[in-house]
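So the chains spell out like this:
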Amino acid sequence: MFRSLTRESANGPGHASIGGKPPRPCAGRVVGARRYPAGMFAALPEAHRQLSWSAFASPVGELTVVATASGVCRVDFAGPDRALGEFDEAALSRDTGVAAEAARQLGEYFARQRREFDLPIEWEPLEGLRLHVLRTLHEMVPFGETVSYKQLAELSGRPEASRAVGTIMGSNPVPLLVPCHRVLASGGGLGGFGPGLEAKRRLLVLEGVLEPSLLELDLLS
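Residues numbered from 1 in each chain as written. Predicted model: local features only at pLDDT ≥ 70, side-chain atom pairs only at ≥ 80, totals over all residues. Heavy atoms only, no water.

S.K.: Can you help me understand the environment of Gly71 in this one?
M.R.: When you line up the elements, Gly71 lands in the loop between β2 (61-67) and β3 (72-76). With relative accessibility at 0%, the residue Gly71 sits in the buried group. With 31 residues separating them along the chain, Gly71 and Ala102 place their C-alpha atoms 9.4 Å apart. Beyond its immediate stretch of four places on either side in the chain, Gly71 contacts Val98, Pro120, Ile121 and Glu122. (Helix = DSSP H or I, 4+ residues; strand = E, 2+ residues; numbered from the N terminus. Buried < 20%, exposed > 50% of the residue type's maximum accessible area, 1.4 Å probe, protein only. Contact = heavy atoms within 4.5 Å.)

S.K.: Please explain the sheet that holds β2 as it appears in this structure.
M.R.: Each strand in a sheet pairs with its neighbour through backbone hydrogen bonds, running either in the same direction (parallel) or in the opposite one (antiparallel). Read from one edge to the other, the open sheet built from four strands follows the order β3-β2-β1-β4, with strand pairing classed as mixed. With one partner strand each, in any of the chains shown, β3 and β4 (91-94) form the two edges of the open sheet. Neighbouring strand axes in the sheet, compared pairwise and without regard to direction, differ in orientation by 25° on average. Relative to β4, strand β1 (residues 50-58) runs parallel, the two being bridged by four bridges. Along β4, the bridge assignment pairs Trp53 with Arg94. Its contacts with the sheet put helix α4 (residues 97-110) on β1, β2 and β3, and the angle it makes with β1 is roughly 20°. (Pairing = 2+ DSSP bridges. Axes fitted to C-alpha atoms, helices over the stretch in contact; angles between N-to-C directions.)

S.K.: Quick question: what am I supposed to make of unusual backbone geometry here?
M.R.: Of note, Asp95 is a non-glycine position whose phi angle comes to about 55°, a positive value. Among the structural elements, Asp95 can be located in the loop between β4 and α4. Classification of Asp95 by relative accessible area gives partly exposed; the value is 44%.

S.K.: Can you help me understand the environment of Val141 in this one?
M.R.: Within the secondary structure, Val141 is located in the loop between α5 (128-140) and β5 (147-148). The class for Val141 is buried, based on a relative accessible area of 2%. Residues Val141 and Val183 lie 42 residues apart in sequence; the distance between their C-alpha atoms is 8.9 Å.

S.K.: Sorry if this is basic, but what is going on with the confidence of the model for the chain here?
M.R.: For any part of a model where pLDDT is low, the fine detail of the predicted coordinates should not be relied upon. Taken as a whole, the chain shows an average pLDDT of 82; of its residues, 78% reach a score of 70 or greater. Mean pLDDT across the elements of the chain bottoms out in helix α1 (residues 7-11) (36) and peaks in α4 (98). Of the regions scoring below 50 in pLDDT, residues 6-40 engages in 74 contacts with residues more than four places distant in sequence or in other chains. (pLDDT = per-residue confidence, 0-100.)

S.K.: Explanation requested: α4 in the structure shown.
M.R.: Counting along an α-helix, one turn takes 3.6 residues, and residues three or four places apart therefore face a common direction. Taking 1.5 Å of rise per residue, 14 residues should cover 20 Å, and α4 covers 21 Å from first to last C-alpha, within 8% of that figure. Buried residues of α4: Val98, Ala99, Ala102, Ala103, Gln105, Leu106, Glu108, Tyr109 and Phe110, and no others. Where α4 is buried, its residues touch β1, β2, β3 and α8 (197-206). Once α4 finishes, Arg112 follows within two positions and takes phi at roughly 60°, a positive value. (Expected span 1.5 Å × (residues − 1).)

S.K.: When you look at the environment of His138 in this model, what are you seeing that I'm missing?
M.R.: Checked against the element boundaries, His138 lands in helix α5. Remark: the alpha-carbon pair of His138 and Pro175, spanning 37 residues in sequence, is separated by 9.9 Å. Once residues lying within four places of it in the same chain are set aside, the contact partners of His138 are Ile121, Trp123, Leu177, Val178 and Pro179.

S.K.: Whenever I open this one, the packing of aromatic side chains confuses me. Can you help?
M.R.: Under the definition given, this model contains four aromatic pairs. For the pair Phe77 and Phe193, a centre-to-centre distance of 5.8 Å together with 90° between the ring planes defines the contact as edge-to-face. One end of the pair, Phe77, is in the loop between β3 and α3 (80-83); the other, Phe193, is in the loop between β6 (183-184) and α8, with 116 residues separating them in the sequence. Residue classification places Phe77 among the buried positions, given a relative accessible area of 15%. Given the relative accessible area of 12%, Phe193 is considered buried. On the numbers, 5.5 Å between centres and 50° between planes, the contact of Tyr109 with Phe117 is tilted. An aromatic cluster of at least three residues, connected via ring pairs, comprises Tyr109, Phe110, Phe117 and Phe143. (Phe/Tyr/Trp six-rings, centres within 6.5 Å; stacked < 30°, edge-to-face > 60°.)

S.K.: Teacher, can you tell me more about the nonpolar core here?
M.R.: Residues Val72, Phe110, Leu137, Leu152, Met169 and Leu176 are the most contacted members of the largest nonpolar core, which totals 44 residues. The set of elements that each furnish at least two residues to this core consists of β2, β3, α4, α5, α6 (149-155), α7 (162-169) and α8. Not counting the four nearest positions on each side in its chain, Leu176 is found in contact with Leu63, Val75, Phe77, Leu106, Tyr109, Phe110, Phe117, His181 and Leu203. If you look at the next biggest cluster of nonpolar residues, it comprises seven residues, including Val66, Cys73, Leu84 and Ala90. (Core = buried A, V, L, I, M, F, W, Y, C linked by side-chain atoms within 4.5 Å.)

Written as structure tokens, this is what we have:
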């Protein structure tokens, strides 16, 4: 039903890396599922609190992108009134910088004119397993491919952590750019998705993983 990216198909038998190198260890708060612990955003360096944002309509609803000067820190499936509420301690600038470029590239993605994003991600203050799993997903699961939670745990070098991987997908601060919609249940079902399973299905139809229903043909026009 789904095109699955296994460890073998990604990098050859027994490998869980890109180009022979392990995923790089790496170093981005959400209304509804807060990703920044209370007070942490205010504690970030001042440069990280100078934010740009853009909002636009998409085939999966209104999206709001928020970015620091160094990378995208949030993609929210909501309008700015909801998405920006937690950033009240920041200086916000509309349709500038990294956020404006992210909105442009996402528009191209939904228009089926882009398969990869050339955008920096603001990974701070993610850490530990959460950081590693999200970075692995970002680097190793391309457009039109899927993995199960178990496979992503294996690709991350933590095969025992499939349940934790599911939790991490639910706290992804930059969906679409870090493509948690490409992570599915091991039994072949869609699994979970914070913005809703209808949005997840539409994204998979857009990428050619699922066949469209009559109500989804607009994604391909």
